[in-house]
Amino acid sequence: PANPAQARSQGWLFVLADGVGGHERGEVASRIAVDCVVEGFREARASEPHTALLQRLAESANLKVYETGRSAAPGGARMATTLVACALRHDRAVIAHVGDSRCYLIRRNRATRLTSDHTVANEHVRLGLISAAESSQSSNRHMLIRSLGHDLFVNVDINQTQVVPGDVLLLCCDGMYGALEDSDMARIVTHHRDLQEAAQQLVALANERDGS
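Not measured: the values here are computed from a predicted model.

Draft legend 1. Looking closely at the overall build of the protein. Check the secondary structure of the protein and you find eight helices and seven strands. Here the protein holds 212 residues, and the buried ones make up 43% of them. Total accessible area on the protein is roughly 11600 Å²; 48% of this is exposed by carbon and sulfur atoms.

Draft legend 2. Quick look at the packing of helix H2 (residues 26-43) against helix H3 (residues 50-71). Interhelical geometry of H2 versus H3 gives an angle of 140 degrees and a closest axis separation of 9 Å. H2 and H3 meet at a crossing whose hand is right-handed. Residues Ala29, Ile32, Ala33, Cys36, Val37, Gly40 and Phe41 of H2 lie in contact with H3, whose contacting residues are His50, Leu53, Leu57, Ser60, Ala61, Lys64, Val65 and Thr68. Of the residues in the contact of H2 with H3, the class split is ten nonpolar, four polar and one charged.

Draft legend 3. Inspection of helix H8 (residues 195-209) at higher detail. Over its 15 residues, H8 runs 21 Å from end to end, which matches the ideal 21 Å to within 8%, given 1.5 Å per residue. When H8 is considered as a whole, its buried residues turn out to be Ala198, Leu202, Leu205 and Ala206. Across the axial projection of H8, the buried residues extend over an arc of 100 degrees, all falling on one side. Exposed residues on H8 whose side chains face more than 90 degrees from its buried face are Gln196 and Glu208. On its buried face, H8 sits against strand S7 (168-172), helix H6 (174-177) and helix H7 (182-190). The N-capping residue of H8, defined by a side-chain oxygen 3.2 Å from the backbone nitrogen of Gln196, is Asp194.

Draft legend 4. Region of interest: the sheet that holds strand S2 (residues 83-89). Taken together, the four strands give an open sheet; going across it, the order is S1-S2-S3-S6, and neighbouring strands pair in antiparallel fashion. The two strands at the open ends of the sheet, each matched to only one other strand, are strand S1 (12-16) and strand S6 (157-162). Direction aside, neighbouring strands of the sheet carry axes that sit 15 degrees apart on average. Direction of pairing for S2 relative to strand S3 (residues 92-98): antiparallel, over a ladder of seven bridges. Note that in S3 the partner of Cys86 across the bridge is Ile95. Taken strand by strand, H2 contacts S1 and S2, and its axis lies near 170 degrees from that of S1. Its contacts with the sheet place H3 against S1, S2, S3 and S6, and it is angled at close to 155 degrees to S2.

Rules used in this analysis
- Residues numbered from 1 in each chain as written.
- Predicted model: local features only at pLDDT ≥ 70, side-chain atom pairs only at ≥ 80, totals over all residues.
- Heavy atoms only, no water.
- Helix = DSSP H or I, 4+ residues; strand = E, 2+ residues; numbered from the N terminus.
- Buried < 20%, exposed > 50% of the residue type's maximum accessible area, 1.4 Å probe, protein only.
- Areas by Shrake-Rupley, 256 points an atom, 1.4 Å probe, with all protein chains shown as cover.
- Axes fitted to C-alpha atoms, helices over the stretch in contact; angles between N-to-C directions.
- Left-handed = near helix turned anticlockwise from the far one by under 90°.
- Contact = heavy atoms within 4.5 Å.
- Nonpolar A, V, L, I, M, F, W, Y, C, P; charged D, E, K, R; others polar.
- Expected span 1.5 Å × (residues − 1).
- Arc of directions from axis to C-beta.
- Polar contact = N/O pair within 3.5 Å; in protein donor to acceptor, adjacent residues only side chain to side chain.
- Pairing = 2+ DSSP bridges.

Everything listed is a geometric property; what it means functionally is a separate question.
Printed below as a string of structure tokens:
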């Protein structure tokens, strides 16, 4: 928000997008998605519920990425990205996501995942074909079944949670959670009151453990 009054009326918005590496121009797709959601949030009516708003903005971002890819010359380009967005107003956080980027709630030194990965491996877990432990080693663990820009329409997961003083919401892509345990995230965030410093420590540890 641009000012305290806007923070009270419209709330706060946090967005992360991770371009799909197997497709062309993933970095372009992720930038388009973030810009589309942020711009739409700024222009939204203050009275619009965050659940409906994030649904609408994610669908708009999907269409923008899809159409940009289709119109790329010559012959179009396959562009896709993950998206996780969190809107925060008063004591309520609303999370929208597509793909395998995540949102965690960190409370009392414990990290709880608020999103469910849209991957082949996670779908196999949901269907009871493999265990959660097996999914972490599966060759399909990064293969997405949903992403922005892949198709004209997309199914967006929306959920919400109540937050209390001291809570931290952490948005990250697979480059971070693939290298760190949930306990690592909780420990670093809990022991650094400055969130910028906590973010830098998280990135540094992820790089140290997995240089890729």
